[in-house]
Each structure stands twice: as structure tokens, then as C-alpha cells.
Amino acid sequence: MQSTQTPALTPNAPPADVARVAGRGTLYISAAKLWFILSGFSIHIALTRLLSEEQYGLYQVVIGIVSIVNAVVVTGTSQTVSKYISQDERRADSVKAEALLLQTAVGGTLAAGFFLLAPLIAGYLNDARLTNPLRLAALITLAYSFYSVYTGYFNGQKKFLIQAALDATYSTLKLACIVLLVWAGLGVMGGVGGFALAAAMVLAISVIIAGKGKRAGEVRIRELFAFQSYLLAFTLVLNLLQKVDLILVKALSSPDAATASANAGFYAAAINIANITYQVIISATFVVFPLVSQATFADDRELTRSYIANTVRYTLIIMALLATLFSANAAGVLRVIYPDSYQASSGALGWVAFGMLAFGMIYVLTTIISASGRPVVSLLIGVFTLAASAALNAVLIPRLGLSGAGLATTLAMMTGASLGVGYLFKRFGALMPPLSLARILAASAIVYGLSLAYAPTSKVMILVKLAALGLLYLVVLIATREVGRDEWQLIRRVLKK
């Protein structure tokens, strides 16, 4: 039987080894991202016990702000490097060398700007205590600007195992450095300093693994910067979109700085959980980016359509389950991870879990759009969604508090995801089958309804409940034939020696 399913995600792939390479790449990067999530929550669990609620809120605000800049550097740079290497892997070392030179200007400027603007940012947030931690965080940006070149270098050559190993190493270093320095009594500055130290260490490891290499082929730094500039602007917008609700909670939830910081800490707890919804599918975007770039560069529309349709389908299957579980069981999930005082964010989690599902769709759709050579379209989608989120949060936070932030974010994200869906369908005529969408929605509705029927208080029973509901979701998808023979064939093909 002939199939149009994507080589990255289905068993019936056109090229001989693409399914296995991409499938294994997805497994490698997924494992690294799983460790990233687990180690990240280990950090939060430790810090909520080593720091006061107010200090934890300050740390989260600092990391939330610097993460905006860091993600701009990492995504914009790594995708640029990956795109140009995937088009012709023979010139990988030439692209790397030119990108490192470019990052001296781009990354250095961003880090210096962040350092200099720290007092202004702290002033806007009505808390001068943020100034020094924000200045220290500029070192994270500087290290990330060069580390992202190596991420793109390995990704563009489809060396997913090395990429995943570096990510896992970094997650481990970050956990160790942050917790040890905070435990040593250095407080918020220790947490931020540990973050910076881990970033510098993984950069050094990346340099050693990549080696000097041998340059081949012509690469124009101006061409790299032209493409990167769009991605940098888009990623800035995307990460402002991801953080604007937390920033506005700090700025608008209370005129008292201490209360606002505590509110930010509570809301950050909800966001940390909701973010799992999209974090688990990031590995798919790492794999699909070079594949879509390669397919569109070769003008293979059928192959591009198959990548789009199946990437959207499989990522939605995963995200729908997680968003449903987190939303319908918000209080229980928070109880498992955080102290009882963080129950204040259960209403927000009920909303923002679905907001992060929509954000995950924006992330996937815009990754595909950018890989197809249209980063300006991704930028426009991001700008519109950011404006909507900022406006809705400014209106709803003063009225509804943390729940208002969750609701505003969800409405804005759904709007942005709709724009991405519309563009891809118009350009490529490819999205997931409507019947698949109906089956996924039905399975999610069943899980949501049953979640409300029983609310255990024991942490063990909460975990058992979540596992049972996850299994039920899979059973429903199998019973409706949404998951079946093709998926099992794919698993066997990927794991085959």
C-alpha cells in the first residue's frame, strides 16, 4: 500500500534510511528532553525548599526574563546553522566557522545590552533587587550564543545522538551547579550563577567534540545573518509570548512588591507544569526542521506535505493527553510537586495547560514555516499572538488574578495556532485528517470527564490516577483505530538493528 506518511514519523518512508535516522533521532532527543524536564523539576523542587517563596519568585522572574533572550539566541542561531548545513553537509565546518564569527557580534551585543538594561528592567518591575541577578544572567546569554552554533552544527548533519548527549549533559550540569550554589547559601545569585557556570561548561565540551574540522565550500556571512535576523526577531517574539503572562503577573497582580513576587512564584509553578505539554514534542521539531528544509530546497512538495501532516498529527496526540491531564487534575498535580501554598495556582493551571498545547502547535507550525524558507510569516504570526496575549493579560490579571493570566494566555495562543494552521493549509494543502482530530478530541473528552469523578489526596494515588487515565487514552485511540498497525511497524523499524 502506498503511503504519504512522513519518513520522520511513519513506517512507509520514501527514502531508504530516513525513517530510521529520523525516528532514532526523535528517540534520542526525546530522551534528552525528558531528562531536561525531570532535572528542571528537580531544580524547582529543591529551590522551593531552599529559598523562601519570595526569593523563589525573584529567581523565576530573572530566569524567565533571561530565557527570552537565551531562546532567541539558541533557536535563531541553531536553526540558521542547521538549515545551511542540511542543504549541503559538505560545507558544515565552513558554516560553523562563519557562524561563530557572526555570534561574536550578535551574541556579544545581546549579552552587553542585557547587562546594561538590567537596572531599567528591575525598575519597571518595581524591585531593585533584580538588578544584580539580571546582570549576572548576561553571562548565560554569552555562553548560549556560541553553544547554539554547535547545536545547529550537529543537527544539520543529523547527528542527533551527539546533540542529545550534549543536551542531557547540560541538564545534569545545570541541576548540580544551581542546587549546590543555592544550598551553599548564595541565594538567588547562587542560582543564577550556577546556571551561567553550567552553560560555560557545556560550551567547552561542545568545542572539544566538534573539533576544528576542515572548511569546504563558500559560505557568506551576510547570507547567514539575513536568514538569522528573521529567526532572531521571531524567536524573541515567541519567547516574549511565552513569558509575557509571568512578567505581567509580577507587574500587575499587586502594588506590593513582596506580594507580586509571591504571585509570580505561584503562577510560575503552574507554567512549569503546563510547559511539559509542549516540551515533550520539541524533539520532533528538531528532527523535522532539517528534513523540511531539505525537502523544500529540493522542491519536493509531496514529501513536504507528508512531513507536515504527520508531524501535526503525532504531536497533537501527545500534547492533547498531557494538557487534559494537567487541566482536569490541576490541584493534584501541583500537590505532587510543590508545597501546599502553591495550590493558589490551580485555577491558572486549569486554563494555561490548554494554552501551552496551543503554544506547542504554534511552535511546531512556525518551525515548519521557517524551515520552508518563510521566517517572515512565522514572525508575523508571533507578533500578532504576542499583541493579543499582552492585551488580554493586561485586562484580565487585575480582574481575575492568576486565573485571568491563564485564561488570557490560552485565548491568545489558540488565535496564533489558528493562523499557523490557516497558512500551512493554504500554501501546502496539508494538515492532519479531520477524522484523526475528532478521535483525539473524543479521547481527551473522555479522560477529562473521568478525571473529575475522583480526586485522591495521596500523592501516590494521584500518580496512579494519572497513569490509569493515560492508559485509557491510549486504549480509546487504539479502539478507534487512530493508533494501530502503522505505528507498531514504525516502532519495530526504528528499533531494528
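Residues numbered from 1 in each chain as written. Predicted model: local features only at pLDDT ≥ 70, side-chain atom pairs only at ≥ 80, totals over all residues. Heavy atoms only, no water.

1. Overview of the overall build of the protein
Here comes step 1: For the protein, the count of helices and strands is 16 helices and zero strands.
Here comes step 2: Taking all 497 residues of the protein together, the buried fraction comes to 58%.
Here comes step 3: For the protein, contacts bridging at least 24 residues in sequence account for 82% of all contacts bridging at least 6.
Here comes step 4: About 19800 Å² of surface is accessible on the protein, with carbon and sulfur atoms providing 68% of the total. (Helix = DSSP H or I, 4+ residues; strand = E, 2+ residues; numbered from the N terminus. Buried < 20%, exposed > 50% of the residue type's maximum accessible area, 1.4 Å probe, protein only. Contact = heavy atoms within 4.5 Å. Areas by Shrake-Rupley, 256 points an atom, 1.4 Å probe, with all protein chains shown as cover.)

2. Some details on the pattern of salt bridges
Here comes step 1: With the rule as written, the count across this model stands at six salt bridges.
Here comes step 2: In this structure, the salt-bridge partner of Arg 129 is Asp 127, at a minimum N-O distance of 2.7 Å.
Here comes step 3: We note a salt bridge from Glu 482 to Arg 313, for which the minimum N-O separation is 2.6 Å. Here Glu 482, found in the loop between helix H15 (459–479) and helix H16 (485–495), pairs with Arg 313, found in helix H10 (residues 301–328); they are 169 residues apart in sequence, far enough to count as distant. Note on accessibility: Glu 482 and Arg 313 belong to one class, buried. (Salt bridge = Lys/Arg side-chain N within 4 Å of Asp/Glu carboxyl O.)

3. Concerning the packing of aromatic side chains
Here comes step 1: Tallied over the full model, the rule gives 11 aromatic pairs.
Here comes step 2: With a centroid separation of 5.2 Å and an interplanar angle of 85°, the aromatic rings of Phe 266 and Tyr 342 are classed as edge-to-face. You can see Phe 266 sitting in helix H7 (residues 257–274) and its partner Tyr 342 sitting in the loop between helix H11 (330–337) and helix H12 (346–371), a full 76 residues away along the chain.
Here comes step 3: Accessibility expressed as a relative area gives 2% for Tyr 342, which makes it buried.
Here comes step 4: Put simply, the rings of Tyr 56, Phe 266, Tyr 338 and Tyr 342 pair up and form one aromatic cluster.
Here comes step 5: Residue placement shows Arg 135 over the ring face of Phe 115; its charged tip is 5.4 Å from the ring centre.
Here comes step 6: A cation sits over an aromatic face here: Arg 313 above Tyr 314, 4.8 Å from the ring centre. (Phe/Tyr/Trp six-rings, centres within 6.5 Å; stacked < 30°, edge-to-face > 60°. Lys NZ or Arg CZ within 6 Å of the ring centre and 35° of its normal.)

4. As for the side chain of Asn 275
Here comes step 1: Relative to the helices and strands, Asn 275 resides in the loop between H7 and helix H8 (276–279).
Here comes step 2: If we skip the residues at most four places from it in the chain, Asn 275 touches Gln 242 and Met 356.

5. So, the packing of H12 against helix H13 (residues 375–428)
Here comes step 1: Packing of H12 against H13 leaves a shortest axis separation of 8 Å and a crossing angle of 15°. The orientation of H12 with respect to H13, classified from their angle, is roughly parallel. Considering only the axes of H12 and H13, their crossing is left-handed.
Here comes step 2: Classifying every residue of the contact of H12 with H13 by side-chain character gives 23 nonpolar, 12 polar and no charged. (Axes fitted to C-alpha atoms, helices over the stretch in contact; angles between N-to-C directions. Parallel < 35°, antiparallel > 145°, perpendicular 65-115°, else oblique. Left-handed = near helix turned anticlockwise from the far one by under 90°. Nonpolar A, V, L, I, M, F, W, Y, C, P; charged D, E, K, R; others polar.)

6. So, the environment of Ala 442
Here comes step 1: With respect to the helices and strands, the residue Ala 442 is situated in helix H14 (residues 434–451).
Here comes step 2: As a C-alpha pair, Ala 442 and Thr 480 span 38 residues in sequence and 9.8 Å in three-dimensional space.

7. Points about the confidence of the model for the protein
Note: predicted coordinates in regions of low pLDDT should not be interpreted at a detailed level.
Here comes step 1: A residue-level look at the protein finds 87% of positions with pLDDT of 70 or above and a mean pLDDT of 83.
Here comes step 2: The model gives residues 1–16 a pLDDT under 50, and that stretch makes 46 contacts with residues more than four places away or in other chains. (pLDDT = per-residue confidence, 0-100.)

8. Observations regarding unusual backbone geometry
Here comes step 1: Residues other than glycine seldom take positive phi values, yet Arg 481 does so here, at roughly 65°.
Here comes step 2: Assignment of secondary structure puts Arg 481 in the loop between H15 and H16.

9. Looking at helix H6 (residues 221–252)
Here comes step 1: For H6, built from 32 residues, the straight-helix expectation of 46 Å at 1.5 Å per residue is met to within 8% by its first-to-last C-alpha distance of 43 Å.
Here comes step 2: The axis of H6 is deflected most strongly, by about 45°, at Lys 243. (Expected span 1.5 Å × (residues − 1). Bend = angle between axes of the 7 residues up to and from the residue.)

10. Re a nonpolar patch on the surface
Here comes step 1: A surface patch of nonpolar side chains, amounting to about 370 Å² of accessible area, comprises Tyr 454, Val 460, Met 461 and Val 464.
Here comes step 2: Position of Tyr 454 among the secondary structure elements: in the loop between H14 and H15. (Patch = residues over 30% accessible without salt bridge, like charges linked within 9 Å, V, L, I, M, F, W, Y side chains within 5 Å.)

11. Remarks on helix H2 (residues 53–87)
Here comes step 1: The terminal C-alpha atoms of H2, which comprises 35 residues, lie 49 Å apart, in line with the 51 Å expected from a rise of 1.5 Å per residue.
Here comes step 2: When you tally the buried positions in H2, you get 30 out of 35 residues, the bulk of the element.

12. A short note on the environment of Val 61
Here comes step 1: Among the secondary structure elements, Val 61 is positioned in helix H2.
Here comes step 2: Residue class for Val 61 comes out buried when judged on its relative accessible area of 6%.
Here comes step 3: On a C-alpha basis, the gap between Val 61 and Gly 265 in space is 8.1 Å, while along the polypeptide they are 204 residues apart.
Here comes step 4: Ignoring anything within four residues of it in the chain, the contact list for Val 61 reads Leu 125, Leu 130, Lys 250 and Ala 264.

13. Description of the packing of helix H3 (residues 92–124) against H6
Think of two packed helices as two axes; the pair is described by the angle between the axes and how far apart they sit.
Here comes step 1: Remark: H3 packs on H6, axes separated minimally by 12 Å, with the N-to-C direction vectors making an angle of 25°. Put simply, H3 runs roughly parallel to H6. Note on packing geometry: the crossing formed by H3 with H6 is right-handed. Contact residues: Val 95, Glu 98, Ala 99, Leu 101, Leu 102, Gln 103, Val 106 and Tyr 124 in H3; Ile 221, Leu 224, Phe 225, Gln 228, Leu 232, Leu 248 and Ala 251 in H6.
Here comes step 2: In terms of residue class, the contact of H3 with H6 is made up of 12 nonpolar, two polar and one charged.

14. Re the environment of Gly 113
Here comes step 1: As for its position among the elements, Gly 113 is in helix H3.
Here comes step 2: Residue Gly 113 is classed as partly exposed on the basis of its relative accessible area, which comes to 23%.
Here comes step 3: Linking Gly 113 and Ala 138, residues 25 residues apart in sequence, is a C-alpha distance of 8.5 Å.

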